[in-house]
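Spelled out from the first residue to the last, the chains are:
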Amino acid sequence: MKVVLGVSGGIAAYKSALLLRLFTESGHDVTVVPTAAALAFVGAPTWSALSGKPVATDVWTAVHEVPHVRLGQGADLVVVAPATADLLARAAAGLADDLLTNVLLTARCPVVFAPAMHTEMWEHPATQANVETLVSRGAHVIPPASGRLTGADTGPGRLPEPEAIFAVCRHLLAQAASPQASSPQPASPGPAPTPGDLVGTRIVVTAGGTREPLDPVRFLGNRSSGKQGYAIAARAAARGAAVTLIAANVALPDPAGVTVHRVESALDLERATQAAIDEADAVVMAAAVADFRPAAYASTKIKKTHDPADPDAAPVIELVRNPDILAGLVRAGGSARRPVIVGFAAETGDADTDVLTLGREKLARKGCDLLVVNEVGTDKTFGHDDNMVHLLRPGSEAVVDIGPAPKAVIADAVLDAVRDLVDASAPPSPL
Ligand code: CTP
């Protein structure tokens, strides 16, 4: 398919050479449109050699081919990586002072911006307002990653890895190639979410299953794959939220544009969550947290014949309770402004009580703002790509059933509810 790769003038321009390779190696026809400033970082010969095409930056080259209109009109996808603060401002203002901004005005295909800049520039209200404007017009903005920036600084502002940007673009190209795939699924509870409706929202998501170490080679664990939590983090980032994902033992690649902290035990997860929730608007506790851990950790492997007096004796492992992290977050909030807190309830039901009744009891016990109840069992949910859940709210008898549906569809439905709760808890505007 026809891709225009816009490159604006930031040090991360070199990473776009790798992004270009990913496109060309997948058979796409890529035209690179660098800004004049981008050429100060990576020269035209590099773009030309890697794309196999001439490279123009101004509207005066090959005028007879009318490139300032033709390129945008003919593209199946335009991706700008890195997108500097200046480029975002020019795009949001609708300027057309070089070839790339002309392409952006004439393109009617999906447009993706991957911003990269210093943290202060990214967080500046002017840049955030420009991002909001672009997203409100349907552009996809991949939030920058956190980490080492040019010089000694660290913070949000890094260009996500080329593979992560490529994954977003590949998904959009696949949707464009088969529009059927992008239409709402019958299981979806409502219309497709508005792109960018979570810009300005900070969400912490926990995912996976904790492991409680017993000795250097053994742990107590659970079957959670982390797929549902990862889907929530990925969809939240794609909808514009700033997302921190705390992943407990998940064997999945980091979702694009998400800051990921990897943890092992419940106590690690509690520490990481508490460190991340400062300033968060919502916390989604999708992780399966072990309720108990071994009372003592053996620093050397527990041997089969651990008791010389009775070589056949099986060891008795004493357990102690782990903190209930979710209930702790609710308690810590008190009456002050606290994030919207979403719990998950994995229930099997039993002979006397059905899954929904157990869910309501858990919602009352935990005191969170939304409970996502899913029915689990060895043949259900764990590791599968589809899920079926019920959303419960305190003080309401209503149950919203979602699915069976892909975990991304479930994620969007949970995020719709989170967005509504965050909006409802925002202080009234002074205007
Ligand atoms: N949770 C938590 N800390 C724990 C246990 C669970 O924060 N120690 C959170 C989970 O992340 C989830 C919710 O609480 O969002 C419910 O988890 P679940 O295991 O279903 O509930 P439990 O409180 O463990 O209750 P029970 O074992 O009785 O079902």
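Rules used throughout
- Residues numbered from 1 in each chain as written.
- Predicted model: local features only at pLDDT ≥ 70, side-chain atom pairs only at ≥ 80, totals over all residues.
- Heavy atoms only, no water.
- Pairing = 2+ DSSP bridges.
- Helix = DSSP H or I, 4+ residues; strand = E, 2+ residues; numbered from the N terminus.
- Axes fitted to C-alpha atoms, helices over the stretch in contact; angles between N-to-C directions.
- Near = heavy atom within 4 Å.
- Polar contact = N/O pair within 3.5 Å; in protein donor to acceptor, adjacent residues only side chain to side chain.
- Areas by Shrake-Rupley, 256 points an atom, 1.4 Å probe, with all protein chains shown as cover.
- 1 Å grid on protein atoms, 1.4 Å probe; cavity = no way out; pocket = protein on both sides within 12 Å on 5 of 7 lines; lining within 4 Å.
- Sits in = over half its atoms within 2 Å of the grid points.
- Nonpolar A, V, L, I, M, F, W, Y, C, P; charged D, E, K, R; others polar.
- Buried < 20%, exposed > 50% of the residue type's maximum accessible area, 1.4 Å probe, protein only.

Caption draft 1: Spatial organisation of the sheet that holds strand β13 (residues 282-285). As summarised here, the arrangement of the 8 strands in space is β12-β11-β8-β13-β16-β17-β18-β19, forming an open sheet in which the pairing is mixed. Both outer strands of the open sheet, β12 (259-263) and β19 (399-406), are each paired with one neighbouring strand and no more. For this sheet, the mean inter-axis angle between neighbouring strands, taken without regard to orientation, is 20 degrees. Across 5 bridges, strand β11 (residues 242-248) lies against β12 in parallel orientation.

Caption draft 2: Structural detail: the site of the ligand. Taken together, 16 residues lie near the ligand, and M285, A287, F344, K362 and K366 sit nearest. The contact in question runs from an oxygen atom of the ligand to an N or O atom on the backbone of A287, over 2.7 Å. Protein contact buries 79% of the 570 Å² of open area that the ligand shows by itself. Among the detected pockets, the ligand sits in the second largest pocket. Here the shell around the ligand is composed, by residue class, of 10 nonpolar, 1 polar and 5 charged.

Caption draft 3: Highlighting the pairing of strand β18 (residues 386-392). With respect to burial, β18 is a largely interior element, 5 of its 7 residues being buried. Bridge count between strand β17 (residues 370-375) and β18: 4 bridges; the pairing is antiparallel. By the bridge assignment, V372 is partnered in β18 with L391. In terms of strand pairing, β18 meets β19 through 6 bridges, oriented antiparallel. Counted as the bridge partner of L392 is V399 from β19. Once β18 ends, the chain turns through 6 residues before running back antiparallel as β19, passing G395 with a positive phi of about 75 degrees.

Caption draft 4: Representation of unusual backbone geometry within the structure. Backbone torsion omega between A81 and P82 reads -5 degrees, so that peptide bond is classified as cis. Cis peptide bonds are those with omega within 30 degrees of zero, and the linkage from G403 to P404 qualifies with 5 degrees. Looking at where P404 falls in the secondary structure, it is placed in strand β19. We note that N249 has phi near 60 degrees; this positive angle belongs to a residue other than glycine. With respect to the helices and strands, the residue N249 is situated in the loop between β11 and β12. Backbone geometry places E279, a non-glycine residue, at a positive phi of 75 degrees. For E279, the position within the fold is in the loop between α12 (266-276) and β13.

Caption draft 5: View of the sheet that holds strand β3 (residues 77-83). Across the sheet, which stays open at both edges, the 5 strands sit in the order β2-β1-β3-β4-β5 with parallel pairing between neighbours. Each of the sheet's edge strands pairs with one partner strand only, and the pair in question is β2 (29-34) and β5 (140-141). Pairing between strand β4 (residues 111-115) and β5: 2 bridges, direction parallel. Considered in β5, the bridge of V112 is made with H140.

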